[in-house]
Amino acid sequence: MPAERSDSDSRKLLRRLRDVLGTKAKGQDRLDRITHLIADSMGTEVCSIYLFRDAETLELCATQGLKKAAVHKTRMKLGEGLVGRVARSGLPVNTPDAPGEKGFRYMPETGEELFSSFLGVPIQRVGEKLGVLVVQSKASRAYSEDEVYALEVVAMVVAEMAELGAFASDGAGLGALHRQPVLFRGSTGQEGAAEGRVWLHEPRVVVTNPVADDPLYEIDRIREAVGVLRVSVDDLLAAESLDKDQKAVLEAYRMFAHSRGWLRRMEEDIASGLSAEAAVEKEQSAARSRLEQVPDAYLRERLHDLDDLSNRLLRILTGQGKDTGAQMPENPVLVARNIGPAELLEYGRKLKGVVLEEGSVGSHSAVVARALAIPMVIHAKTITNEALNGNPILVDGDQGIVHLRPEDTVARSFRDKIAMQAKAQERYASLRDLPAITKDGVTISLHMNAGLMADLPSLVGSGAEGVGLFRTELQFLIRNQMPRRDELAQLYSRVMEAAKGRPVAFRTLDIGSDKVLPYMKPNDEPNPAMGWRAIRVGLDKPGVLRMQLQALIRAAAGRPLSIMFPFISEHGEFLEARAHVLREIHRERSLGHDVPVKLEIGAMLETPSLAYAPDAFFKLADFISIGGNDLKQFFFAADRENERVRKRYDSLNASFLTFLQFIVARCTASGTRLSFCGEDAGRPVEALALVAIGLRNLSMRPASIGPIKALLRRVDLSEVRAVIDKARSEGAETIRPALVDWLATQGE
Ligand code: PEP
Ligand code: MG
């Protein structure tokens, strides 16, 4: 706890700072007065404020004690010098001998060589780095703990003032916050381009009163709010439907909510003059800075818990609930740290785009975004700090880039891109009812991948001949509890109706690996992708599989039915899975239900082993679908979720193509229908290669069908084959460059 001196002095200083905020002064004048007030109150010769000019550069924006000529001239990179070190780490630097400190950088224009002692603290607001506040003195002394604390409290108020736009009215570099264009480089979650306005999934809480006059009143407020918070967490914990994991998370919440240290620190902040809200934010920022240095993933996860709790507490204090009364803008682009598939589905198609700070390509939210055909960028770090509701935003899902508050020129060229894409889509629409036939007369069947009811309208629009892969697990993933058989039967029946007689290959549950059902006990496996997943779960614990098969048979109600088993690795597994279907058909018939007039049972070939299964397997399977996403990861032993290794091996690697050709040959020999339903089927160059080596059925996301069909209709397959053969005979590792070069000579 700071000494008595700092309590009243710091309250006085904060009040004087607040008065600065209340005046009509220009931004620069305010900053100048603030540095003067702080130096005066702390008895230091120097006080300086450095603010971020862009994400990497800090600028001296005001100073008391350094040379005035250096203001807006002196700049340093993040991490550079002592100021840059404070900015990067988010932690104070306190030294009696600044020039002797490692990393010190001498800035001659400031005249700071006169000053020996240095104390710098970050100006930050919940993970948002705004700048650095520094005091310096000639005398060589370390600042006391109380002084460090007092300066941190002041920095908090400066941060809130910046957030409120106190320095934004003029002055180079001062208007940066939430105003300048910002570019975020993330990764592709779902292709496509969108222009719209930001809609924050979790709106920012705005604190308008960082400084408070009556500490006792503020302490009452914070105690009451923490009380409400504790009750709400206890209520959540008392809910009956919690599973073990949800309970564990909530227990961690409860631990934080009941932590005496947390409340005590906030009360100390209030005693120094902060309002209850500012105290919550100060502790939230401090905890973030500390925990961000921790390499342990589990502890960092706890940081999210504490963040969530702090946000809840802020909402209780400010009365700004999740529903802030803000109107969702037209063309909303959802911006969030992360979002679950169910929540994303709730927003549905009204979203123009989605931008996440976290997420992964293989995540279920990405799968949902794909199903809804909403452009999505993931890993757009810190965007939730920068973006404000209603800000203009451009989402480039193809490149994984987001432009927030874009310059006019950027927005214009982006619109051109969207217009060109729309034009191309129109062109594809005109091909909808034409076959995908190559110039030399080879016809290819194009099907679509689906997993949600929302996908089905695309069946007609895209010109797909059917659904080559219906990922049934999505229905399980978006719920909080296991769906019932009747619910599933109704859903499958609606899918078949929407397909209007076109075939739909229902893939039975593929859970495990990265797809963990919220209501099932997770298995702590070292390698889940190679673990207890998909058909392995289905065969070992057949209850759910049988329920799903019954639902499918009932949904078909006498219509043809096509069932496909995921992740079959050997003949025996297929035999066993197939026997389950036959048993259920028998059972349904004996119960008096209609059974499918035609039944097809197929297997997904996703592990190399199945390519070498006995002939009997190929003869028995009604069809085989290559799950290229998984097959590729096991062929190269390269995790599909791990960007680093995934990109290392090209899908057009000559060895992989030779392997695929071997599968084609085996299916041709046994007369088994073969298709390919991995993501590569929807990529132009890849699709061309697949067709050239003999695949005649491709299943892909609906938006790819038009472009792939247009491409196939303008090529001569024998030429493509010749290009591939030549590249191979020359020993090429991948045939991609040869194929891309050849395509470039083909014109539109
Ligand atoms: C595949 O592995 O290629 C596939 C289509 O299945 P999923 O992507 O759902 O694993
Ligand atoms: Mg798969």
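Keep in mind it's a predicted model, so treat the numbers as computed, not measured. (Residues numbered from 1 in each chain as written. Chains lettered and ligands numbered in written order. Predicted model: local features only at pLDDT ≥ 70, side-chain atom pairs only at ≥ 80, totals over all residues. Heavy atoms only, no water.)

Observations regarding the site of ligand 1
Note the cut-off: Any residue with a non-hydrogen atom lying within 4 Å of a molecule or strand is treated as near it. Any N or O atom pair separated by 3.5 Å or less is treated as a polar contact, with the protein-specific requirement of one donor-capable and one acceptor-capable atom, and with residues adjacent in sequence counted only for side-chain atom pairs. Values of accessible area rely on a 1.4 Å probe in the Shrake-Rupley scheme; residue burial ignores everything except the protein chains shown. For the purposes of this entry, the term helix denotes a DSSP run of H or I that reaches at least four residues, the term strand denotes a run of E that reaches at least two, and both are numbered from the N terminus. Side-chain classes are defined by residue name, with Ala, Val, Leu, Ile, Met, Phe, Trp, Tyr, Cys and Pro counting as nonpolar, Asp, Glu, Lys and Arg as charged, and the others, Gly among them, as polar.
Around ligand 1 lies a shell of 14 residues, among which Arg471, Arg507, Gly627, Asn629 and Arg640 are the nearest. For ligand 1, an oxygen atom lies 2.8 Å from a polar atom in the side chain of Arg507. In the complex, the protein chains occlude 98% of the 280 Å² of accessible area that ligand 1 would expose alone. Listing elements by their share of the shell around ligand 1, those giving two or more residues are β17 (467-471) and α22 (628-635). With three residues, α22 is the largest single contributor of residues to the shell around ligand 1. By residue class, the composition of the shell around ligand 1 is three nonpolar, four polar and seven charged.

Considerations on empty space enclosed by the protein
This is how it is decided: Points on a 1 Å grid, built from protein atoms alone, make a cavity when a 1.4 Å probe fits but cannot get out and make a pocket when they are open with protein on both sides within 12 Å along at least 5 of 7 lines; residues with an atom within 4 Å of a point are the lining residues. Grid points are joined across faces, edges and corners, and a volume is the space filled by probe spheres set on the points.
The tally for this structure, following the rule as stated, stands at four cavities of 30 Å³ or more. For the largest cavity, the calculated volume is near 100 Å³. If you go around the largest cavity, you meet 14 residues; those closest to its centre are Met76, Leu82, Val83, Arg105 and Glu112. Here the element with the most residues in the lining of the largest cavity is helix α3 (residues 81-89); it accounts for four residues. Grouping the amino acids of the lining of the largest cavity by side-chain chemistry returns seven nonpolar, four polar and three charged.

A look at the domain arrangement of the protein
Operational definition: All domain edges in this entry derive from an automatic or database-based domain assignment.
With domains assigned, the protein is organised as domain 1 (9-163), domain 2 (182-204 + 329-421), domain 3 (215-318) and domain 4 (430-744). Placing a centre on the C-alpha atoms of domain 1 and another on those of domain 4 gives a separation of 60 Å.

A few points about the coordination of the magnesium ion (ligand 2)
What counts, and what does not: Any N, O or S atom lying within 2.8 Å of the metal counts as a donor, and for Na, K and Ca the limit rises to 3.2 Å; water is left out, so some sites can look incomplete. Three exposure classes are used, based on accessible area relative to the maximum for each residue type with a 1.4 Å probe and protein chains only: buried under 20%, partly exposed in between, and exposed over 50%.
The magnesium ion (ligand 2) binds to the protein through Glu606 (OE) and Asp630 (OD); the donor distances cover 2.0 to 2.1 Å. Taken as a pair, Glu606 in the loop between β20 (599-605) and α20 (608-611) and Asp630 in helix α22 lie far apart in primary sequence, 24 residues in all. As far as burial versus exposure is concerned, Glu606 and Asp630 are alike and both buried.

Focus: the packing of aromatic side chains
In plain terms, the rule: A pair of Phe, Tyr and Trp rings is counted when the ring centres sit within 6.5 Å of each other, with Trp represented by its six-membered ring. The angle between the planes then sorts it: under 30 degrees is stacked, over 60 is edge-to-face, the rest tilted. Lysine and arginine charges are scored as sitting over a ring when NZ or CZ, respectively, is within 6 Å of the ring centre and within 35 degrees of the ring normal.
For the coordinates displayed, the defined rule picks out 12 aromatic pairs. Taken together, the ring pairs in this structure connect Tyr612, Phe635, Phe636, Tyr649, Phe656, Phe659 and Phe662 into an aromatic cluster. The ring of Phe567 is capped by Arg533, whose NZ or CZ atom sits 4.0 Å from the centre of that ring.

A look at the packing of helix α18 (residues 542-556) against helix α19 (residues 571-590)
Helix packing for two helices is described by the angle between their axes and how far apart those axes are. The criterion, for reference: For helices, the axis comes from a line fit to the C-alpha atoms of the stretch in contact; other axes are also lines fit to C-alpha atoms, and the angle between any two N-to-C directions lies between 0 and 180 degrees. Note that the term roughly parallel is reserved for angles under 35 degrees, roughly antiparallel for angles over 145, roughly perpendicular for angles of 65 to 115, and oblique for everything else. The handedness criterion is simple: a crossing whose near helix is rotated anticlockwise from the far helix by less than a right angle is left-handed, and one whose near helix is rotated clockwise is right-handed. When checking whether two residues touch, look at their non-hydrogen atoms; a contact exists if any pair is within 4.5 Å.
It is the contact of α18 with α19, at a shortest axis distance of 10 Å, that shows an interaxial angle of 55°. Relative to α19, α18 is oriented oblique. Seen along the crossing, α18 lies across α19 with a hand that is right-handed. Between α18 and α19, the contacting residues are Pro542, Leu545, Arg546, Leu549, Gln550, Ile553 and Arg554 on the first element and His580, Val581, Glu584, Ile585, Arg587 and Glu588 on the second. Taken together, the residues that form the contact of α18 with α19 break down as six nonpolar, two polar and five charged.

What to know about unusual backbone geometry
Backbone geometry places Asn331, a non-glycine residue, at a positive phi of 50°. Summarising the element assignment, Asn331 is placed in the loop between α9 (297-318) and β10 (332-336). The backbone phi angle of Ala557 is positive, close to 40°, even though this residue is not glycine.

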